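Structure at a glance
Chain by chain, the residues:
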Amino acid sequence: MNFVRALVQVASVALASGLGLASPILAGCSRVEQAPAVSYTLLDGRKSNLAALRGHVVLVNFWATDCAPCVEEMPAMVANWRKFSQQGFETLAVSMRDDPPALVSNFAQARALPFGVAIDNTGEIADRFGGVPVTPTSLLINKRGEVVKRWIGKTDFAALEPLIAQLDGQP
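Source: prediction; values computed, not measured.

1. Some thoughts on the pairing of strand β6 (residues 116–119)
Residues Gly-116 and Ala-118 point to one face of β6 and Val-117 and Ile-119 to the other, with burial holding for every one of them. Remark: the strand β5 (residues 90–95)/helix α4 (residues 101–110)/β6 crossover connection has right-handed handedness.

Spelled out as structure tokens, the structure:
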């Protein structure tokens, strides 16, 4: 039964993403997906939560060290963070539950990832976001803590940048 539910979820999100539908916030619709109240520990040992990032535009990226598309998009993720971080943009890279912590730490250090990296060793973070069917999966969250866009598969950075710029100007 969980497999069927996951399959339906993947299909519905993929359909919405594949059609390029605007997010509810950007389209002016009343349906709003609030980002869940999740807590996490960063690789450097600091504890934090998404609520602490309110007031910032945030990209949450679910990834894994053995995911080729995840590894391929990481340089663009870094470049995107560098481009917008001066305006308060935040990125949180969440490594999936089966990723060995030592590999995640080595990956982050070797590539000098400048943003927060957390390991979802229990799967709770992914579950709180409604389940993450595949990696990479990225979610863009506005300053009010609302999910405005979800990418299943590689992030479309050409579409992401104008969204960040638009959301950065909103309260």
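2. Quick word on the pairing of strand β4 (residues 58–63)
Every other side chain in a regular strand lies on the same face of the sheet, so the side chains alternate between the two faces. When you tally the buried positions in β4, you get six out of six residues, the bulk of the element. Burial along β4 is two-sided: the face carrying Val-58, Val-60 and Phe-62 and the face carrying Leu-59, Asn-61 and Trp-63 are both buried. Pairing between β4 and β5: six bridges, direction parallel. Bridge pairing links Val-58 to Glu-90 in β5. Each parallel crossover has a hand, and for β4 linked through helix α3 (residues 68–84) to β5 it is right-handed. Pairing of β4 with strand β7 (residues 137–141), which is carried by five bridges, proceeds in the antiparallel orientation. Paired with Asn-61 across the two strands is Ser-138, which belongs to β7.

3. Regarding α4
Those residues of α4 not exposed but buried are Val-104, Phe-107 and Ala-108. Burial along α4 is one-sided: seen end-on, the buried residues are contained in an arc of 95 degrees. Facing away from the buried side of α4, by more than 90 degrees, are the exposed residues Ala-102, Gln-109 and Ala-110. Where α4 is buried, its residues touch β4, α3, β5 and β6. Two residues or fewer after α4 comes Ala-112, characterised by a positive phi angle close to 50 degrees.

4. Focus: the pattern of salt bridges
Tallying each qualifying case throughout the model produces seven salt bridges. Measuring nitrogen to oxygen at the nearest pair gives 3.9 Å for the salt bridge that ties Glu-124 to Arg-128. Pair noted here: Glu-124 and Arg-128 are both in helix α5 (residues 124–128), with a separation of four residues, about one helical turn. The class of Glu-124 is partly exposed, set by a relative accessible area of 47%. What makes Arg-128 partly exposed here is its relative accessible area of 40%. Of the charged contacts in the structure, one is a salt bridge between Lys-143 and Asp-168, with a shortest N-O distance of 3.9 Å. Placement of the pair is Lys-143 in the loop between β7 and β8 (146–152) and Asp-168 in helix α6 (residues 157–168), with a sequence separation of 25 residues. Residue classification places Lys-143 among the buried positions, given a relative accessible area of 19%. Relative accessible area serves as the criterion here: at 24%, Asp-168 is assigned to the partly exposed category.

5. Let's talk about the environment of Val-60
Tracing the backbone shows Val-60 in strand β4. The class of Val-60 is buried, set by a relative accessible area of 1%. Along the sequence, Val-60 and Val-94 sit 34 residues apart, while their C-alpha atoms lie 7.1 Å from each other. Here Val-60 is in contact with Leu-50, Leu-92, Val-94, Phe-129, Thr-137, Ser-138, Leu-139 and Ile-141, once residues within four sequence places are set aside.

6. Examining the packing of aromatic side chains
Applying the stated criterion to the full structure yields three aromatic pairs. Ring centres of Trp-63 and Phe-107 lie 4.9 Å apart, and the angle between their planes is 40 degrees; on these two criteria the pair is classed as tilted. Pair noted here: Trp-63 is in strand β4 and Phe-107 is in helix α4, with a separation of 44 residues, a long-range link. The pair formed by Trp-63 and Phe-107 is uniform in burial state, with each residue classed as buried. Arranged with centres 6.1 Å apart and planes meeting at 65 degrees, the rings of Phe-84 and Phe-89 form a pair that is edge-to-face. On the basis of relative accessible area, Phe-89 is assigned to the buried category, the value being 3%. Seen from the ring of Trp-151, Lys-149 lies directly overhead, with NZ or CZ sitting 5.9 Å from the centre.

Reading the values: the criteria
Residues numbered from 1 in each chain as written. Predicted model: local features only at pLDDT ≥ 70, side-chain atom pairs only at ≥ 80, totals over all residues. Heavy atoms only, no water. Buried < 20%, exposed > 50% of the residue type's maximum accessible area, 1.4 Å probe, protein only. Helix = DSSP H or I, 4+ residues; strand = E, 2+ residues; numbered from the N terminus. Right-handed = clockwise from strand over helix to strand, strands pointing away. Pairing = 2+ DSSP bridges. Arc of directions from axis to C-beta. Contact = heavy atoms within 4.5 Å. Salt bridge = Lys/Arg side-chain N within 4 Å of Asp/Glu carboxyl O. Phe/Tyr/Trp six-rings, centres within 6.5 Å; stacked < 30°, edge-to-face > 60°. Lys NZ or Arg CZ within 6 Å of the ring centre and 35° of its normal.

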